[in-house]
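Remarks on the overall topology
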Amino acid sequence: MIIERFSKTVIASGIFRFYVALGFFGTSLFFIFNIHLFTPMEMVLGIIFATIFLKTLSNIMLSLLILLFNLDNKKAELDFKYHTQKIDELLSELTTTDVNNKNSTSTAS
């Protein structure tokens, strides 16, 4: 659940789309500046293959981010929240019990 939310956030941020678009325009500029070296078909195929390669590379980077995402910190945070909540419940129960004991001893006297 945590990893799924993390990956959706990364995908929604658009950083990988920006990376692919930047690569696409960079490749286009490369072929435009070197127009005398390439035929139009080589340019189109070069731009297509470079864009596919960059999209594949961005998917690999996302997979590595998910794979290397460390859940130990999140687990420690959740454990801390659970333990603080449990301690608060026990303290409130102790306070309630203490107040009930004081009320019962004062009414008995």
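This text gives an overview of the structure that appears in the document. (Residues numbered from 1 in each chain as written. Predicted model: local features only at pLDDT ≥ 70, side-chain atom pairs only at ≥ 80, totals over all residues. Heavy atoms only, no water.)

Observations regarding the overall build of the protein chain
Applicable threshold: The helix and strand labels rest on DSSP assignments: H or I over at least four residues marks a helix, E over at least two residues marks a strand, and numbering proceeds from the N terminus. The globule rule used here is 2.2 Å times the number of residues to the 0.38 power, and the radius of gyration it is set against is calculated over C-alpha atoms.
When its secondary structure is counted, the protein chain shows four helices and zero strands. The linear arrangement of helices and strands in the protein chain, starting from the amino end, is α-α-α-α. Compactness check: the protein chain gives a C-alpha radius of gyration of 30 Å against a globular reference of 13 Å for 109 residues, more than 25% above the reference. Projecting the C-alpha coordinates of the protein chain onto the three principal axes gives extents of approximately 105 × 20 × 15 Å.

Section: the pattern of salt bridges
Selection criterion: Any Lys or Arg side-chain nitrogen located within 4 Å of an Asp or Glu carboxyl oxygen qualifies as a salt bridge. Partly exposed describes any residue whose relative accessible area lies between the buried limit of under 20% and the exposed limit of over 50%, with all areas from a 1.4 Å probe on protein chains only and scaled to the type maximum.
Tallied over the full model, the rule gives one salt bridge. A salt bridge links Glu 77 to Lys 81; the nearest nitrogen and oxygen atoms lie 3.5 Å apart. On the criterion of helical spacing, the pair formed by Glu 77 and Lys 81 is a turn pair, its members being four residues apart in helix α4 (residues 72–108). Classification of Glu 77 by relative accessible area gives partly exposed; the value is 34%.

What about the packing of helix α2 (residues 15–33) against helix α3 (residues 40–67)?
Heads up, the condition is: Note on geometry: axes are lines fitted to C-alpha atoms, helical ones only across the stretch in contact, with angles between N-to-C directions running from 0 to 180 degrees. Roughly parallel means an angle under 35 degrees; roughly antiparallel means over 145; roughly perpendicular covers 65 to 115; every other angle is labelled oblique. Handedness of each helix crossing follows the sense of rotation of the near helix against the far helix: counterclockwise by less than a right angle gives left-handed, clockwise gives right-handed. Amino acid classes used here: Ala, Val, Leu, Ile, Met, Phe, Trp, Tyr, Cys and Pro are nonpolar; Asp, Glu, Lys and Arg are charged; the rest, including Gly, are polar.
Interaxial distance between α2 and α3 falls to 9 Å at its minimum, and their mutual angle equals 155°. Between α2 and α3, the angle is such that the two are roughly antiparallel. The interaxial crossing formed by α2 with α3 has right-handed handedness. Counted by class, the contact of α2 with α3 contains 13 nonpolar, six polar and two charged residues.

Examining α2
Inclusion rule: An expected span of 1.5 Å times one less than the residue number is assigned to each helix. Directions pointing from the helix axis toward each C-beta atom define the arc.
Here α2 contains 19 residues, and its C-alpha end-to-end distance of 27 Å stays within 8% of the 27 Å for a straight helix at 1.5 Å per residue. For α2, every residue scored as buried is listed here: Phe 16, Val 20, Gly 23, Thr 27, Ser 28 and Phe 31. Buried residues along α2 cover an arc of 135° about the axis, so they all sit on one side. Exposed and oriented more than 90 degrees from the buried face of α2 are Ile 15, Phe 18, Leu 22, Phe 25, Ile 32 and Phe 33.

Here we look at the side chain of Thr 27
Let me state the cut-off plainly: Contact definition: two residues touch when any of their heavy atoms are within 4.5 Å.
As for its placement among the helices and strands, Thr 27 is situated in helix α2. Judged by relative accessible area, which is 15%, Thr 27 ranks as buried. Leaving out residues up to four positions away in the same chain, Thr 27 has contacts with Gly 46, Ile 47 and Ala 50.

As for the side chain of Ser 28
The following threshold applies: A 3.5 Å cut-off defines polar contacts: any pair of N or O atoms within that distance qualifies, except that in protein one atom must be a possible hydrogen donor and the other a possible acceptor, and neighbouring residues in sequence count only when both atoms are side-chain atoms.
As for its position among the elements, Ser 28 is in helix α2. Side-chain polar atoms of Ser 28 contact the backbone oxygen of Phe 24, separated by 2.9 Å.

Observations concerning the packing of aromatic side chains
The relative placement of two aromatic rings is captured by the distance of their centres and the angle of their planes. Rules: Only Phe, Tyr and Trp rings take part, Trp by its six-membered ring, and two of them pair if their centres are within 6.5 Å. Stacked means planes under 30 degrees apart, edge-to-face means over 60, and tilted covers everything else.
According to the stated counting rule, one finds four aromatic pairs in the structure shown. Their ring planes at 55° and their centres at 5.9 Å tell us that Phe 30 and Phe 38 sit as a pair that is tilted. Phe 30 gets classed as partly exposed once you look at its relative accessible area, which sits at 41%. Note on Phe 38: relative accessible area 27%, which makes it partly exposed. Between Phe 31 and Phe 38 the ring centres are 4.9 Å apart and the planes differ by 80°, which places this aromatic pair in the edge-to-face class. Ring pairing ties together the aromatic residues Phe 30, Phe 31 and Phe 38, which thus form one cluster.

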